[in-house]
Amino acid sequence: MLNDGLHDDPLPEPAKHLHDAAPTRWCVVQTHQHSESLAERHLLSQNFRTYLPKRKRTVRHARSVKTVFSAYFDCYLFVSLALHQQSWYPINSTVGVRKLVMSQGLPIPAPHGVVESLMSATDDDGILHPDVLLRSGQKIRVIDGPFADQLGILDHVGKAGAVRILLDIMNRSIPITIDRSKLAIYS
């Protein structure tokens, strides 16, 4: 094919520091469906620092089974920006990008520490392991469902996304299995 050599070039290293040492914040970029890696590649070529957490998925099709890597957050990735000193306008016209998530004409930065904690739970292959963020014995608050706003102790983290917590109900520790998306670490 004519275009075989197009993707063999090494990707440029992301820019880590700006000249003025302005504080950078992680902002959210919405991508087109299944275009997270494409958008990341094009943002990196424009010297934006990006973070795209990934997960392993098993795909079954017609008698074949394969393991593929896909974005952990479908249609989203993160980009580091010095909001008041770096031109972020080119992001919206980048291949694969739908839009930079904004409010009142400025990109919305993610809360401090959120992306950094996700990065700390990511391995060298870019795979996010959220169970690293949760440890047995941690205090947890249920944020959704019939036990909303209840405090408990994390007992066990399952591989499929289920978490067993111990809730203090009527002076007894009752084990409850709940999806990890319905929990928050209580501090």
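Residues numbered from 1 in each chain as written. Predicted model: local features only at pLDDT ≥ 70, side-chain atom pairs only at ≥ 80, totals over all residues. Heavy atoms only, no water.

A closer look at the pattern of salt bridges
Consideration 1: Evaluated as defined, the whole model comprises 3 salt bridges.
Consideration 2: In this structure, the salt-bridge partner of Asp74 is Arg55, at a minimum N-O distance of 3.7 Å. Taken together, the residues span a long stretch of sequence, with Asp74 in the loop between strand E4 (64–71) and strand E5 (76–81) and Arg55 in strand E3 (residues 54–61) at a distance of 19 residues.
Consideration 3: Note that Arg141 and Asp149 form a salt bridge whose closest N and O atoms lie 3.3 Å from each other.
Consideration 4: Look at Arg141 and you get partly exposed, because its relative accessible area is 29%.
Consideration 5: Taking relative accessible area as the criterion, Asp149 reaches 55% and is therefore assigned exposed. (Salt bridge = Lys/Arg side-chain N within 4 Å of Asp/Glu carboxyl O. Helix = DSSP H or I, 4+ residues; strand = E, 2+ residues; numbered from the N terminus. Buried < 20%, exposed > 50% of the residue type's maximum accessible area, 1.4 Å probe, protein only.)

Observations concerning the sheet that holds strand E6 (residues 97–100)
Consideration 1: Strand order in this open sheet of 4 strands is E2-E5-E1-E6, and the pairing throughout is antiparallel. The open sheet has two edge strands, strand E2 (49–51) and E6, and neither has a second partner. Ignoring which end each strand starts from, the neighbouring axes of this sheet average 35 degrees apart.
Consideration 2: When strand E1 (residues 25–31) meets E6, the two strands line up antiparallel, connected through 3 bridges. Directly across from Val29, in E6, lies its bridge partner Leu100. (Pairing = 2+ DSSP bridges. Axes fitted to C-alpha atoms, helices over the stretch in contact; angles between N-to-C directions.)

On their own, these measurements won't tell you what the molecule is for.
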